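Structural overview
If you want the building blocks of each chain, they are given just below.
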Amino acid sequence: GLEVRDEQLRCLDSLYDARLQGRDRALIHMATGLGKTTVIAADVKRYIFENPGTRVLFLCHQNDILQQARTTFEQIIGNDSTFGEFTGESQDYHEVTCLFASFQAMRNWREAFLTDEFQYIVVDEGHHGKAPTYEPTLVYFKPNFMVAMTATPDRHDTKDIREIFGDEVFKLPL
């Protein structure tokens, strides 16, 4: 199995606690290279186990990051779930457990999905959340839980992503 470090376990606990407190949004601030995707995949695995039938949407702005994330999720979640992509090149719509989508594709195609189609949404590079390419998609979907991860939560344009995701539930800057 994959080695999970102490800080990753603390982050997992904070996500679990956020849901126990009734939060439906969470922001994770972790420096690059500390394994944010591993943590989120482990949390998604637990969420799917506790909520059978859950569908997951992983949103990102770069296809290469989507690919890496999908690989991590497949390793951690395993064969009980199915995985697909929704990008300019390939569209898996409604049949997979975990859908890895680019914001560019969702910008044009989000209406092909029900607003409550995904119960758990992951936003990679969450500091872009207020950008016009991101926010309409984030507002469109109504998941039970949405988590955003970023290494740089404070945008230079002073738009506060906490308006979308709430305050940090976990911080581990370098």
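Keep in mind the model is a prediction, meaning the values are calculated, not measured.

Parameters at a glance
- Residues numbered from 1 in each chain as written.
- Predicted model: local features only at pLDDT ≥ 70, side-chain atom pairs only at ≥ 80, totals over all residues.
- Heavy atoms only, no water.
- Core = buried A, V, L, I, M, F, W, Y, C linked by side-chain atoms within 4.5 Å.
- Buried < 20%, exposed > 50% of the residue type's maximum accessible area, 1.4 Å probe, protein only.
- Contact = heavy atoms within 4.5 Å.
- Helix = DSSP H or I, 4+ residues; strand = E, 2+ residues; numbered from the N terminus.
- Pairing = 2+ DSSP bridges.
- Expected span 1.5 Å × (residues − 1).
- Right-handed = clockwise from strand over helix to strand, strands pointing away.
- Phe/Tyr/Trp six-rings, centres within 6.5 Å; stacked < 30°, edge-to-face > 60°.

Thoughts on the nonpolar core
Of all hydrophobic cores here, the largest spans 35 residues; its most connected members are Ile40 and Phe73. Those residues in contact with Phe73 that sit more than four places away from it in its chain are Thr37, Ile40, Ala41, Val44, Phe58, Gly78, Phe83, Cys98 and Phe100. Counting residues in each nonpolar core, the second largest holds 24 residues, with Leu99, Phe103, Phe118 and Ala131 among its members.

Quick word on the pairing of strand E3 (residues 83–86)
By the alternation rule, side chains of E3 split into Phe83 and Glu85 and Gly84 and Phe86, which are all buried. Across 4 bridges, E3 lies against strand E4 (residues 98–102) in parallel orientation. What sits directly across from Phe83, in E4, is Cys98.

Examining the environment of Asn108
As for its position among the elements, Asn108 is in helix H4 (residues 103–109). Residue classification places Asn108 among the exposed residues on the basis of a relative accessible area of 61%. Note: C-alpha distance between Asn108 and Val122 (14 residues apart in sequence) is 19 Å.

Section: helix H2 (residues 36–50)
If you check H2, its first and last C-alpha atoms are 21 Å apart, about what 15 residues at 1.5 Å a residue would give, namely 21 Å. Of all the residues in H2, the buried ones are Lys36, Val39, Ile40, Ala41, Asp43, Val44, Tyr47 and Ile48.

Some details on the pairing of strand E6 (residues 145–150)
Counting buried residues in E6 gives 6 out of 6 residues, a clear majority hidden from the surface. On E6, burial covers both faces: Phe145, Val147 and Met149 on one face and Met146, Ala148 and Thr150 on the other are all buried. As a crossover connection, the stretch from strand E5 (residues 120–123) through helix H5 (residues 135–140) into E6 is right-handed.

A word on the packing of aromatic side chains
What describes a pair of aromatic rings is the distance from one ring centre to the other and the angle between the planes of the rings. Per the stated rule, a full pass over the model turns up 12 aromatic pairs. Both rings, one in Tyr47 and one in Tyr120, keep their centres 5.3 Å apart while their planes meet at 75°; by these two values the pair is edge-to-face. Here the residue Tyr47 occupies a position in helix H2, and Tyr120 occupies one in strand E5, the gap between them amounting to 73 residues. In this pair, the class of Tyr47 matches that of Tyr120, namely buried.

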